[in-house]
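Architecture and fold: a report
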Amino acid sequence: MDGSGVSQPFRLEARRIRKSFGGVEVLHGVDLHVTGGSVLALLGENGAGKSTMVKIIAGDYQADAGEIAIDDAAYAALTPRQARDLGVAIIFQEFQDASTLTVAENISLGRLPARRGFVSWSEMRARARRVLDQLGVEIDPDATVGSLRVGERQIVEIARSLSGSARLLILDEPTAALSHHEAEVLFDFIRRLRSQGVALIYITHRLDEVTEIADRVQVLRDGQTSLLTDVAQTNRREMVEAMIGRRMDAVGRPAAPTHPIGETPAIAWQGASSGRAFHDVTIEARPGEVVAIFGKLGSGAAEVGETAFGIRTLDAGTLTVMGKDDAISGPVAAIDRGVGFLPADRKAGGAFLVRPIAENVAIVSWPQLSRGGVITDAAEAGAFSRWKERLAIRSRNDPRQTMGTLSGGNQQKVLLARWLERDSRVLVLLEPTRGVDVGARADIYRSLRELAAQGVAVVAVTSDYEEAVQVADRVYVMSKGAVVAALTGDGIESGSLLAAAGG
Ligand code: ADP
Ligand code: MG
């Protein structure tokens, strides 16, 4: 792989990188190197400094100290433009795409093919087809990006960076939003790029992905490298320890509930199966409890959650909600039974971004809020003001402010408010804090605990073990479509969750 040909392989070396935000140093002199034809997995807990490190490499942030050497030239700082010209492409956690444009337009964004000063639409479409074919995916180049599923959007982002002929491709937690199949397509693609001599930095906190696609692994903890080794030379336990170190206890467990827990489950799956997604699943949540279903992508955890809202049906077994076990035929039936549901993809699943916040809160409670079939702005504003303070929704004091102007965390709080206003007795959340910053995350956990204290049964489906540790009274661990462990109280800690979820 090294120096065999006439042309030198791509080589990037970041040396002693330091970075502070607001006087707090978050990278304490980190080294990182990656060469063409290899995949470096960058691991670490939330806040370890992974994104900051790669943003410095991509020129999006400037380091306070240290240097970046690419091929033979060293730079104290790069601009995004310079980094791009040197062949560095980065795909962020949050979408950067323009949702009203087509797939083809997105892929050529910033580099529209022009002929005699006019944009060449046919060339643009051909370019899009070429990259999408290379990726082995069937996405219509003429579809608007806003109409795609999350996974497809991610692929379009990757296609965009590839059409710019990257020599180093950085992927920041790309699979968080992908289905199992899409993740496999992505991995195939990463392998293909690697064999073509592209260097890759792959950020994840899923250990099984590290063993599946990476050659080397670097673990960051609190802004320092805690492990750097060949993947073949390490194992799961060593990586987990490097990630969480002594901070295991610092991932706070919530205090044990002091409020009463209901006798009868508010929601219970009994021997439940659905297609190839999951089988013989038995899970329950009682009024007053926060239950987490923890499982990696493809474990079936998300699909179990979806059955609570009638988005997916059972082939066998029962789902009992508030004492009734007749099938939930769809969202309307679920809402009638007192189920509130927050999907993983806020934008596709219920956040009306161009509508006012107050309307987003009130929308499923219109029958209750309307007078003689008429819903007024004042009634909606009332619904909003009931929850703004309690959920610490950070917005202007204006119920007509549009949803899309809020941060991800605050949008998620508005969606929570929607179900609280509806007086839901069961609240099922898929990946409740995905794409939510740390501060808002803590607010959301606190809100979920408070809801439980008021007698709601909360079910959080998550692929983030820290989330399960921080929020749940009880955790079911799923793997390959089955419940493989149920943990309670002190039994809920990162190590046992990861061990149970398996490789
Ligand atoms: P990771 O990607 O490993 O989860 P990040 O690099 O995003 O970690 O964050 C590392 C630390 O830097 C965190 O404490 C985070 O809050 C902080 N941080 C990151 N970006 C900014 C920013 N733009 N402003 C202030 N603090 C930031
Ligand atoms: Mg990050």
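**Some words on the site of ligand 1**
All residues adjacent to ligand 1 are Phe21, Val26, Glu45, Asn46, Gly47, Ala48, Gly49, Lys50, Ser51, Thr52 and Tyr61. One of the backbone N or O atoms of Gly49 is found 2.9 Å from an oxygen atom in ligand 1. Lys50 places a polar side-chain atom, nitrogen or oxygen, 2.8 Å from an oxygen atom of ligand 1.

**Details of the sheet that holds strand S2 (residues 24-35)**
Taken together, 4 strands build an open sheet; the order of strands is S2-S1-S4-S5 and the sheet is antiparallel. Every other strand in the sheet has two partners, leaving S2 and strand S5 (73-75) as the edge strands with one partner each. If you compare each strand with its neighbour and ignore which way they point, the axes differ by 20° on average. Of the strand pairs in this sheet, strand S1 (residues 11-21) and strand S4 (residues 65-70) are connected by 5 bridges, and their pairing is antiparallel. Bridging from a neighbouring strand, Arg15 pairs with Glu67 of S4.

**Digging into the packing of helix H13 (residues 377-388) against helix H14 (residues 408-421)**
Put simply, H13 and H14 touch, their axes get as near as 10 Å, and they point 110° apart. In terms of orientation, H13 lies roughly perpendicular with respect to H14. For H13 against H14, the interelement crossing comes out right-handed. For the pair H13 and H14, the contacting residues are Ala383, Arg386 and Trp387 in the first and Ala417, Leu420 and Glu421 in the second. Residues of the contact of H13 with H14, tallied by class, amount to 4 nonpolar, no polar and 2 charged.

**Focus on the sheet that holds strand S14 (residues 278-285)**
Overall, antiparallel pairing links the 3 strands, which are arranged S14-S13-S16 in an open sheet. Both outer strands of the open sheet, S14 and strand S16 (316-321), are each paired with one neighbouring strand and no more. Strand-to-strand twist across the sheet, computed as the mean angle between neighbouring axes with direction ignored, equals 15°. Note that strand S13 (residues 267-274) and S14 share 5 bridges and pair antiparallel. Along S14, the bridge assignment pairs Ala268 with Glu284.

**A short note on the side chain of Glu209**
By the secondary structure assignment, Glu209 is in helix H7 (residues 207-213). On the basis of relative accessible area, Glu209 is assigned to the buried category, the value being 4%. In terms of polar contacts, Glu209 uses its side chain to reach the side chain of Thr204, at 3.0 Å.

**Considering helix H1 (residues 50-57)**
Burial runs high along H1: 6 of the 8 residues are buried. Residues of H1 that are buried include every one of Lys50, Thr52, Met53, Val54, Ile56 and Ile57, and no others. Residue Gly59 follows H1 closely and has a positive phi angle near 85°.

**Brief notes about unusual backbone geometry**
Positive phi is not limited to glycine here, since Ala392 has a value of about 50°. The phi angle at Glu431 is positive, at roughly 45°, despite the residue not being glycine. Mapped onto the fold, Glu431 is located in the loop between strand S18 (426-430) and helix H15 (438-453). Given a relative accessible area of 17%, Glu431 falls into the buried group.

**A closer look at H13**
With 12 residues, H13 extends 16 Å between its outermost C-alpha atoms, agreeing within 8% with the 16 Å of an ideal straight helix rising 1.5 Å per residue. Taken as a whole, H13 has its buried residues at Ala379, Glu380, Gly382, Ala383, Phe384, Trp387 and Lys388. Contacts made by the buried residues of H13 are with helix H11 (357-362), helix H12 (366-369) and H14.

Parameters and conventions
Each chain has its residues counted from 1, running along the sequence as written. Labels follow written order: the first chain is A, the first ligand is 1, and so on. The model is predicted, so local features are restricted to residues of pLDDT at least 70 and side-chain atom pairs to those at 80 or more, both for listing and for counting; the totals for chains, interfaces and linings are taken over all residues. By convention in this description, side-chain values take in all heavy atoms of the structure and omit both hydrogens and water. Here a residue is near a molecule or strand as soon as one of its heavy atoms is found within 4 Å of it. Distance and chemistry together define a polar contact, namely a pair of N or O atoms within 3.5 Å, with one atom able to donate a hydrogen and the other to accept it when in protein, and with adjacent residues in sequence counting only for side-chain atoms on both sides. Strand pairing is assigned whenever DSSP identifies at least 2 bridges connecting the two strands. The helix and strand labels rest on DSSP assignments: H or I over at least four residues marks a helix, E over at least two residues marks a strand, and numbering proceeds from the N terminus. To obtain each axis, a line is fitted to C-alpha atoms, and for helices this fit is confined to the stretch in contact; angles are then taken between N-to-C directions over 0 to 180 degrees. If an angle is under 35 degrees, it is roughly parallel; if it is over 145, roughly antiparallel; if it lies from 65 to 115, roughly perpendicular; otherwise it is oblique. With the far helix as reference, a near helix turned anticlockwise by less than a right angle produces a left-handed crossing, and one turned clockwise produces a right-handed crossing. Working rule for contacts: check all heavy atoms of both residues, and any pair within 4.5 Å makes them a contact. Throughout this entry, Asp, Glu, Lys and Arg are counted as charged residues, while Ala, Val, Leu, Ile, Met, Phe, Trp, Tyr, Cys and Pro are counted as nonpolar. The remaining residues, Gly among them, count as polar. Relative accessibility decides the category of a residue: with a 1.4 Å probe and only protein chains considered, values under 20% of the type maximum give buried, values over 50% give exposed, and everything between is partly exposed. Each helix should span, by expectation, one fewer than its residue count multiplied by 1.5 Å.

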